[in-house]
There are 2 protein chains.
Amino acid sequence: IAKEVAKLLELKAQLGGDEGKHKFVLKTPKGTRDYSPKQMAIRERVFNAIITCFKRHGAEVIDTPVFELKETLTGKYGEDSKLIYDLKDQGGELLSLRYDLTVPFARYLAMNKITNIKRYHIAKVYRRDNPAMTKGRYREFYQCDFDIAGQFDPMIPDAECLKIVHEILSDLQLGDFLVKVNDRRILDGMFAVCGVPDSKFRTICSSVDKLDKMPWEEVRSEMVGEKGLSPEAADRIGEYVQLHGGLDLVGQLLQDPKLSQNKLAKEGLEDMKLLFEYLTLFGIMGKISFDLSLARGLDYYTGVIFEAVLVQQENDHVEEAVSVGSVAGGGRYDGLVGMFDPKGRKVPCVGVSIGIERIFSILEQRLEASEEKIRTTETQVLVASAQKKLLEERLKLIAELWDAGIKAEILYKKNPKLLNQLQYCEDTGIPLVAIVGEQELKDGVVKLRVVATREEVNVRRETLVDEIRTRTCQ
Amino acid sequence: IAKEVAKLLELKAQLGGDEGKHKFVLKTPKGTRDYSPKQMAIRERVFNAIITCFKRHGAEVIDTPVFELKETLTGKYGEDSKLIYDLKDQGGELLSLRYDLTVPFARYLAMNKITNIKRYHIAKVYRRDNPAMTKGRYREFYQCDFDIAGQFDPMIPDAECLKIVHEILSDLQLGDFLVKVNDRRILDGMFAVCGVPDSKFRTICSSVDKLDKMPWEEVRSEMVGEKGLSPEAADRIGEYVQLHGGLDLVGQLLQDPKLSQNKLAKEGLEDMKLLFEYLTLFGIMGKISFDLSLARGLDYYTGVIFEAVLVQQENDHVEEAVSVGSVAGGGRYDGLVGMFDPKGRKVPCVGVSIGIERIFSILEQRLEASEEKIRTTETQVLVASAQKKLLEERLKLIAELWDAGIKAEILYKKNPKLLNQLQYCEDTGIPLVAIVGEQELKDGVVKLRVVATREEVNVRRETLVDEIRTRTCQ
């Protein structure tokens, strides 16, 4: 019987195995993607532009784990908390994947008792959101964050964050853009004078945040219907959130009989005035719009908030530009670090996050359209042979080149055809071929071929490295 | 009553809030760490050395998501599968954090039907292992992988992987090292001729893998006690796994009356001979040791396997060097991609993974001991003022510098003291100070101060950018 059972079990295992094979789904998880070498080449270009800017502003760099204790993230994201990825309880601590880089940064500051730092952090974050991958919206995506923490004189670091957004978006040549600016204190003051009860500030703020995706009528009905706001209060909000302008609008609102009586709003407006003076000195006011409909979803902002959007060119297709949306955003969050400090000590912070995935999407589409060919390697020379039985000689030569720091490849064949070796260079953009042959070996030379021009020249073996360096300018 | 209940609930919420505050644990998850700016500076140096080497060998770069479908990882890691982190089932797909970069690479190849690629991938992987963080063993850690996929002539790509290990460990100057090499076919052949039943090959292989951490006696008792191997078979294995050497040992084993009769072992030994010929041409046989006790834990290897260890210097402290262990490893896995292909099509692969965390630990300790000061920013110049009320002028000047690509900082104070500004340069290593003052503004100059020498020189504003570039060689 035991034997029969063993046989049957074996059969079952085989069946199970086959079934598994047929059902196997070959894909990445929903809302995520692989990066191919070509996509990586674009990604590295964008990262370089961003990192160069962050370093130009004197930022240090840090890194934190991809997951945090679940309680570290709890109560930081308001209504969006439902989008946090939790890890399975496999014994030990309860963990969640980071939702942004700001909360881990605040945790890092409190944990290490740092009261003063300017740092950037480029890493992936995770949100169980509805992905719209063609528009650059993923469940796993990069954030590129620059933050300034410390007790400083008002609006100087805030102005630098906006300067950074301006520099990066200009550098990347994504087309015209606009940076919308507002202040949570102005919003809260506005809610107060419109008759929103204190307890509803955050949830009404979330509704206002949807104004970039929904018309006012829908947002209004959410406020009144779902969130129980009085229709009169909603209508008063509706009037304010239409306003946008520059320094003039700040002046106008400082004269507003209701708003100017509200302490918070007044503080916010005075700071906005100062901010705009600094931005004028930076020469970037042309791209700035004070916009009372800007709310930003996250709970932790306490002062200035901002968001950069690409602006429709008149001759563009409407759908394309609209679909991209915000490409950078940020603001001031003076209370977040205090939430982690055992004694509640505050460290004021302001920061900006660059929405790199959307920028990738735009550049990828543009590159696709342009048919520009991107190299995905930096190889300077292919070590080739013209006859058979020269593998050993190729291996010896390529080791010499590698040891001299030359970027070199060979085909992994004992006896590759010269034509195939040249074709490989054409396909991958390798500019030079170092050809070893019987005669060259006897003469102590290597034949160096320039792929683009088909020019061939014999180079003495001891000068080959210098010759390759000169010809590839490295 | 409703009023009373509301009051009580409010009281409860307050209590709950306070309780929460007191119990709050301010830490990163077990086995993980933050990287401070100083640690990041070391990390970037190491990454640069590794990436430079990978690019020298013509590798492209890819990236994959941090999590995979759970089924993608199932059945690839043998006994280590219990160390995989699963995500919580929040509806939708079942996901796990990647355990290495090799399985995602194989999934990527099968999914995109790629039969030929040389790529590197640097990213974090996750293992619920017992961390030993002082020794550089974490639950979240970086892997730096280089792999060659494709049907090629034997041992040429395998030899290149070993050359890469040699180049990287030499470049990083970690001290003397040894690369142990073996072959799964030789191990399997050895198990067969020692009398291990086929079904026990993988589990006995796992036991052999522990020989670098346990004495033979313990490994033997695990084989016999836990895994039910006959004592005679274990003793025969015990004789083989003591052997290590070079080309001579390959020759000796090809003469071994039992082993040479085993088809698999013979194939492995013939290939090992070829590999050593290539490594001799590369000039690196001095650091290579053919070691029959090397097994590597992972299930998916099918041919050559290798592992690099740092070698004890005679004058070193024993504890320190021993604790570091393996700093690179890899091997051939010809069956893995086929496990993902719906039709089982195979893509032969060989690759190497650099154990970067252990390398960090060593370099960090060394740097700590040397008291060398590392800069964590690249700022070229601090824009300072000698008198009060010059914030606007500082902002105007720094915007000019940023727009010209100069790395510049200011203190975020309206009226900082000159001494504090100079001290900031001392602390952070900024080499130059551009000082604006009333007189300088009138004269159209900026006072440029060299921090190291205290030399001061007036520079015309229009030549300031060039002067800073020249003086900082950028």
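Keep in mind that this is a model prediction, so the values were computed, not measured.

As for the pattern of salt bridges
Residues and elements named next belong to chain A.
- This structure, assessed with the given rule, holds 81 salt bridges over all chains.
- Note that arginine 185 is salt-bridged to aspartate 271, the shortest N-O span being 3.0 Å. You can see arginine 185 sitting in helix α6 (residues 184–194) and its partner aspartate 271 sitting in helix α11 (residues 263–281), a full 86 residues away along the chain. Per residue, the accessibility class of arginine 185 equals that of aspartate 271, and both read buried.
- Salt-bridge contacts for arginine 220 lead to aspartate 235; the nearest nitrogen and oxygen are separated by 2.6 Å. Of the two residues, arginine 220 is situated in helix α8 (residues 216–226) and aspartate 235 in helix α9 (residues 231–240); the sequence distance between them amounts to 15 residues.
- Take aspartate 235: its relative accessible area is 36%, and that puts it in the partly exposed class.
- By sharing partners, the salt bridges in this structure join Asp183, Arg185, Lys263, Glu267 and Asp271 into a single network.

Focus on the sheet that holds strand β15 (residues 445–450) of chain A
Residue and element names in this part refer to chain A.
- With mixed pairing, 5 strands are arranged side by side in an open sheet as β13-β12-β14-β15-β16. Single-partner strands in this sheet number two, and they are β13 (408–409) and β16 (456–460).
- Of the strands in this sheet, β12 (381–385), β13, β14 (432–436) and β15 touch helix α16 (residues 418–428), which is tilted by about 175° from β12.
- Across the sheet, helix α18 (residues 464–472) touches β12, β14, β15 and β16, and the angle it forms with β15 is around 10°.

Observations concerning unusual backbone geometry
- In this structure, A:Lys113 is a non-glycine residue whose phi angle is positive, near 50°.
- Relative to the helices and strands, A:Lys113 is located in the loop between α4 (102–111) and β4 (117–126).

Some words on the packing of α6(A) against helix α7 (residues 201–209) of chain A
Residue and element names in this part refer to chain A.
- At a closest axis distance of 11 Å, the pairing of α6 and α7 adopts a crossing angle of 110°. Accordingly, the angle class assigned to the pair α6 and α7 is roughly perpendicular. For the pair α6 and α7, the contacting residues are Arg184, Leu187, Asp188, Phe191 and Ala192 in the first and Phe201, Arg202, Ile204, Cys205 and Val208 in the second.
- For the contact of α6 with α7, the per-class residue count stands at 7 nonpolar, no polar and 3 charged.

Let's talk about the packing of aromatic side chains
- Inspection of the entire model under this criterion finds 32 aromatic pairs over all chains.
- An angle of 40° between the planes, with centres 5.5 Å apart, marks the rings of A:Phe54 and A:Tyr120 as tilted. With A:Phe54 in helix α2 (residues 37–56) and A:Tyr120 in strand β4, the pair connects residues that are 66 residues apart, well separated along the chain.
- Taking relative accessible area as the criterion, A:Tyr120 reaches 4% and is therefore assigned buried.
- With centroids separated by 4.4 Å and ring planes inclined at 50°, the aromatic side chains of B:Tyr77 and B:Tyr99 adopt a geometry described as tilted.

Things to note about the interface of chain A and chain B
- Between chain A and chain B, the contact holds 90 residues from the first and 91 residues from the second.
- Across the chain A/chain B interface, buried area totals approximately 8400 Å², and carbon plus sulfur atoms make up 60% of it.
- Its largest share of buried area at the contact with chain B, chain A owes to A:Leu26, A:Trp402 and A:Tyr412, together 10% of the area lost on that side.
- Joining chain A to chain B, the criterion identifies 16 salt bridges.

Some details on α9(A)
All names here are of chain A.
- Taken residue by residue, α9 has Ala233, Ala234, Ile237, Gly238 and Tyr240 as its buried positions. Seen along its axis, α9 keeps its buried residues to an arc of 160°; they face one direction.
- Contact partners of the buried residues in α9: α6, α7, α8 and α10 (247–255).

Examining the pairing of strand β8 (residues 288–291) of chain A
Residues and elements named next belong to chain A.
- Of the two faces of β8, the one holding Ile288 and Phe290 and the one holding Ser289 and Asp291 are both buried throughout.
- Looking at chain direction, strand β6 (residues 177–183) and β8 are connected through 3 bridges and run parallel. The residue of β8 that forms the bridge with lysine 180 is serine 289.
- Pairing geometry for strand β7 (residues 244–245) and β8, over 2 bridges, is antiparallel. What sits directly across from histidine 244, in β8, is aspartate 291.

Comments concerning the sheet that holds β8(A)
Residue and element names in this part refer to chain A.
- Strand order in this open sheet of 9 strands is β1-β4-β5-β11-β10-β9-β6-β8-β7, and the pairing throughout is mixed. Pairing within the sheet leaves two strands with one partner each, and these edge strands are β1 (60–61) and β7.
- Sheet analysis places strand β5 (residues 140–149) next to strand β11 (residues 349–354), joined by 6 bridges and oriented antiparallel. Within β11, the position partnered with aspartate 147 by the bridge is glycine 351.

Points about the domain arrangement of chain A
- Domain parsing of chain A yields domain 1 (37–369) and domain 2 (381–471).
- For domain 1 of chain A and domain 2 of chain A, the distance between their C-alpha centroids amounts to 53 Å.

Some remarks on the pairing of strand β10 (residues 326–332) of chain A
All names here are of chain A.
- Across the 7 residues of β10, 6 count as buried, placing the element largely inside the fold.
- Relative to β10, strand β9 (residues 304–310) is paired through 5 bridges, and the arrangement is antiparallel. Bridge pairing in β10 places phenylalanine 306 opposite glycine 330.
- The pairing of β10 with β11 spans 5 bridges and is antiparallel.

Here we look at the UniProt feature "binding site: L-histidine" (unreviewed entry) in chain A
Residues and elements named next belong to chain A.
- Using the residue numbers shown here, the UniProt feature "binding site: L-histidine" (unreviewed entry) corresponds to Asp100, Leu101, Thr102, Arg127, Gln143, Asp147, Arg296, Tyr300 and Tyr301.
- Counting through the fold element by element, glutamine 143 comes out in strand β5.
- Its relative accessible area of 9% is what places glutamine 143 among the buried residues.
- When near neighbours in sequence (up to four residues on either side) are disregarded, glutamine 143 contacts Asp100, Leu101, His121, Ile122, Ala123, Val125, Arg127, Ser353 and Ile354.
- Within the local environment of glutamine 143, its side chain forms a polar contact with the backbone nitrogen of leucine 101, the two atoms lying 3.4 Å apart.
- Ignoring any residue separated from it by four or fewer positions in sequence, one finds aspartate 147 in contact with Phe105, Ile117, Lys118, Arg119, Tyr333, Val350, Gly351 and Val352.
- Within the local environment of aspartate 147, its side chain forms a polar contact with the side chain of arginine 119, the two groups lying 2.9 Å apart.

Regarding a nonpolar patch on the surface
Residues and elements named next belong to chain A.
- Residues Ile1, Val5 and Leu9 make up a contiguous nonpolar surface patch of about 350 Å² in total accessible area.
- If you trace the backbone, valine 5 turns up in helix α1 (residues 2–23).
- A relative accessible area of 42% places valine 5 in the partly exposed class.

A look at helix α2 (residues 37–56) of chain B
All names here are of chain B.
- The terminal C-alpha atoms of α2, which comprises 20 residues, lie 28 Å apart, in line with the 28 Å expected from a rise of 1.5 Å per residue.
- When you tally the buried positions in α2, you get 14 out of 20 residues, the bulk of the element.
- Downstream of α2 by one or two residues, glycine 58 has phi in the positive range, about 75°.

Observations concerning the relation of the copies chain A and chain B
- Superposition record for chain A on chain B: RMSD 0.1 Å, screw rotation 180°, translation along axis 0.0 Å. This pairing of chains is accounted for by a two-fold axis.

Quick word on the side chain of A:Ser385
All names here are of chain A.
- Among the structural elements, serine 385 can be located in strand β12.
- Given a relative accessible area of 1%, serine 385 falls into the buried group.
- Not counting chain neighbours up to four residues away, the residues in contact with serine 385 comprise Leu390, Arg394, Pro416, Leu418, Gln421, Ile435 and Val436.

Conventions we followed
- Residues numbered from 1 in each chain as written.
- Chains lettered and ligands numbered in written order.
- Predicted model: local features only at pLDDT ≥ 70, side-chain atom pairs only at ≥ 80, totals over all residues.
- Heavy atoms only, no water.
- Salt bridge = Lys/Arg side-chain N within 4 Å of Asp/Glu carboxyl O.
- Helix = DSSP H or I, 4+ residues; strand = E, 2+ residues; numbered from the N terminus.
- Buried < 20%, exposed > 50% of the residue type's maximum accessible area, 1.4 Å probe, protein only.
- Pairing = 2+ DSSP bridges.
- Contact = heavy atoms within 4.5 Å.
- Axes fitted to C-alpha atoms, helices over the stretch in contact; angles between N-to-C directions.
- Parallel < 35°, antiparallel > 145°, perpendicular 65-115°, else oblique.
- Nonpolar A, V, L, I, M, F, W, Y, C, P; charged D, E, K, R; others polar.
- Phe/Tyr/Trp six-rings, centres within 6.5 Å; stacked < 30°, edge-to-face > 60°.
- Buried area = accessible area lost by both parts, 1.4 Å probe.
- Arc of directions from axis to C-beta.
- Domains from an automatic or database assignment.
- UniProt positions renumbered as here; feature names shortened; annotations may be inferred.
- Polar contact = N/O pair within 3.5 Å; in protein donor to acceptor, adjacent residues only side chain to side chain.
- Patch = residues over 30% accessible without salt bridge, like charges linked within 9 Å, V, L, I, M, F, W, Y side chains within 5 Å.
- Areas by Shrake-Rupley, 256 points an atom, 1.4 Å probe, with all protein chains shown as cover.
- Expected span 1.5 Å × (residues − 1).
- Least-squares fit on C-alpha atoms with pLDDT ≥ 70 in both.

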